[in-house]
Amino acid sequence: MTSDYNGPVAPVPNASVSVCAANPCDSQSSANVVASGRSDNAGHYKVAFVRAGTYTVRIERADHPWLDPVVTPAVT
C-alpha cells in the first residue's frame, strides 16, 4: 500500500490490516475479525490462514490514526 499524504507517493509501513467476515469491520466489532496483520517497510502485507470466501478488508495507518481507514468490501 502507498500514500501521498505527506507529499510524494511512498510506501506505508506498519499499517494495520484487518480481515473481517462481516460488516462493520472495526475495533468495536472485533467479533467479525477473522485475521489481522501489518504492512512491512515496503508497504506489502500478507494475511495467512484465512479460509476461502468473501471478506471485508480494513486498513488503518498506525502513525496517522486521525485519517479515515480504507475499507474494501467483497474481497475474495
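Note: the structure precedes this text.
Presented here is a report on the structure given in the accompanying data block.

About the thresholds
- Residues numbered from 1 in each chain as written.
- Predicted model: local features only at pLDDT ≥ 70, side-chain atom pairs only at ≥ 80, totals over all residues.
- Heavy atoms only, no water.
- Core = buried A, V, L, I, M, F, W, Y, C linked by side-chain atoms within 4.5 Å.
- Buried < 20%, exposed > 50% of the residue type's maximum accessible area, 1.4 Å probe, protein only.
- Helix = DSSP H or I, 4+ residues; strand = E, 2+ residues; numbered from the N terminus.
- Contact = heavy atoms within 4.5 Å.
- Salt bridge = Lys/Arg side-chain N within 4 Å of Asp/Glu carboxyl O.
- Pairing = 2+ DSSP bridges.
- Axes fitted to C-alpha atoms, helices over the stretch in contact; angles between N-to-C directions.
- Disulfide = S-S within 2.5 Å.

### What about the nonpolar core?
Phase 1 of the analysis: By size, the foremost hydrophobic cluster in this structure holds 8 residues: V12, A15, V17, V19, A35, Y55, V57 and I59.
Phase 2 of the analysis: Looking at this core, the elements that each hand over two or more residues are β3 (16-20) and β5 (55-60).
Phase 3 of the analysis: The element contributing the most residues to this core is β5, with 3 residues.
Phase 4 of the analysis: Those residues in contact with V57 that sit more than four places away from it in its chain are V17, S18, V19, Y45, V70, V71, T72 and V75.

### What to know about the pattern of salt bridges
Phase 1 of the analysis: This model, assessed by the stated rule, comprises 1 salt bridge.
Phase 2 of the analysis: In this structure, the salt-bridge partner of E60 is R58, at a minimum N-O distance of 3.3 Å.
Phase 3 of the analysis: R58 gets classed as buried once you look at its relative accessible area, which sits at 16%.

### Here we look at the sheet that holds strand β4 (residues 33-38)
Phase 1 of the analysis: In space, the 4 strands of this open sheet follow the order β4-β3-β5-β6, with antiparallel pairing throughout. Only two strands of the sheet have a single partner each, and these edge strands are β4 and β6 (70-75). The mean inter-strand angle of the sheet, taken between neighbouring strand axes irrespective of direction, is 15°.
Phase 2 of the analysis: In this sheet, β5 lies alongside β3 in antiparallel orientation, the contact comprising 5 bridges. Within β5, the residue paired with V17 across the bridge is I59.

### Description of the state of the cysteines
Phase 1 of the analysis: Using the criterion set out here, one finds 1 disulfide in the structure.
Phase 2 of the analysis: With its sulfur 1.9 Å from that of its partner, C20 forms a disulfide with C25. Measuring the twist about the S-S bond at about 70°, one finds the C20-C25 disulfide to be right-handed. The two residues C20 and C25 agree in class, both being buried.

### Section: the environment of V71
Phase 1 of the analysis: Along the polypeptide, V71 turns up in strand β6.
Phase 2 of the analysis: V71 gets classed as partly exposed once you look at its relative accessible area, which sits at 40%.
Phase 3 of the analysis: Contacts of V71, omitting those with residues within four sequence positions, involve T56, V57 and R58.

### As for the environment of D40
Phase 1 of the analysis: Tracing the chain through its elements places D40 in the loop between β4 and β5.
Phase 2 of the analysis: Since its relative accessible area comes to 36%, D40 is described here as partly exposed.
Phase 3 of the analysis: A C-alpha to C-alpha distance of 5.2 Å links D40 and P13, two positions 27 residues apart in sequence.
Phase 4 of the analysis: The contact partners of D40, leaving out residues within four places of it in the chain, are V12, P13 and N14.

By themselves, these observations are geometric and do not establish any function.
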